[in-house]
Amino acid sequence: MKLLVFLSRVSFVYNLCMVAIMGMRYFNWVPAKTLQSTGLVEGFFLAIVLNAVLVIWLLVLMSRSGLRSLPPPAWLFIFITMCFIFQLYLIVK
C-alpha cells in the first residue's frame, strides 16, 4: 500500500508537468529548452504510463474490496483518474 501512495505522488508531479507543458503552448514562461524537454517527457510520456498503471491498480483494489480500500488521499486518486481520462482524450483526438 505504501508503494501505491508513493507512485500516486510521483504521478501527481508528472501530471503537474503535463499541465505546465499545456500552458507553455500559449505562454513561453520557461526560457530553458532543456527544462521544457524534460517537462515534455515527464508530462506527456511518463505520466500516461504511470497513470495507466495506477488506474488499473486502483480498479483491481476497488473490485476486490470496494471503495473503502482506497488509501487516505482519495482526492489524489480522483485527480489521477481525471488526468488519465484527459490524456486518453488527447491521444484519441
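Residues numbered from 1 in each chain as written. Predicted model: local features only at pLDDT ≥ 70, side-chain atom pairs only at ≥ 80, totals over all residues. Heavy atoms only, no water.

A. Summary view of the nonpolar core. One finds Leu-4, Leu-50, Leu-54 and Ile-80 to be the most contacted residues of the largest nonpolar core, which totals 13 residues. The set of elements that each furnish at least two residues to this core consists of helix 1 (2-24), helix 2 (33-65) and helix 3 (74-92). Per-element tally for this core: the top contributor is helix 2, with six residues. The residues touching Leu-50, leaving out its near neighbours within four places in the chain, are Leu-7, Val-10, Ser-11 and Tyr-14. (Core = buried A, V, L, I, M, F, W, Y, C linked by side-chain atoms within 4.5 Å. Buried < 20%, exposed > 50% of the residue type's maximum accessible area, 1.4 Å probe, protein only. Helix = DSSP H or I, 4+ residues; strand = E, 2+ residues; numbered from the N terminus. Contact = heavy atoms within 4.5 Å.)

B. The arrangement of the packing of helix 1 against helix 3 in detail. Packing of helix 1 against helix 3 leaves a shortest axis separation of 10 Å and a crossing angle of 45°. Relative to helix 3, the element helix 1 is oriented oblique. Pair helix 1 / helix 3 crosses with left-handed handedness. Every residue of helix 3 that contacts helix 1 at Leu-4, Ser-8, Arg-9, Ser-11, Phe-12, Asn-15, Met-18 and Met-22 is listed here: Trp-75, Leu-76, Phe-77, Phe-79, Ile-80, Cys-83, Phe-86, Gln-87 and Leu-90. Class assignment of the residues belonging to the contact of helix 1 with helix 3 gives a composition of 12 nonpolar, four polar and one charged. (Axes fitted to C-alpha atoms, helices over the stretch in contact; angles between N-to-C directions. Parallel < 35°, antiparallel > 145°, perpendicular 65-115°, else oblique. Left-handed = near helix turned anticlockwise from the far one by under 90°. Nonpolar A, V, L, I, M, F, W, Y, C, P; charged D, E, K, R; others polar.)

In short, shape yes, function no, at least from these values alone.
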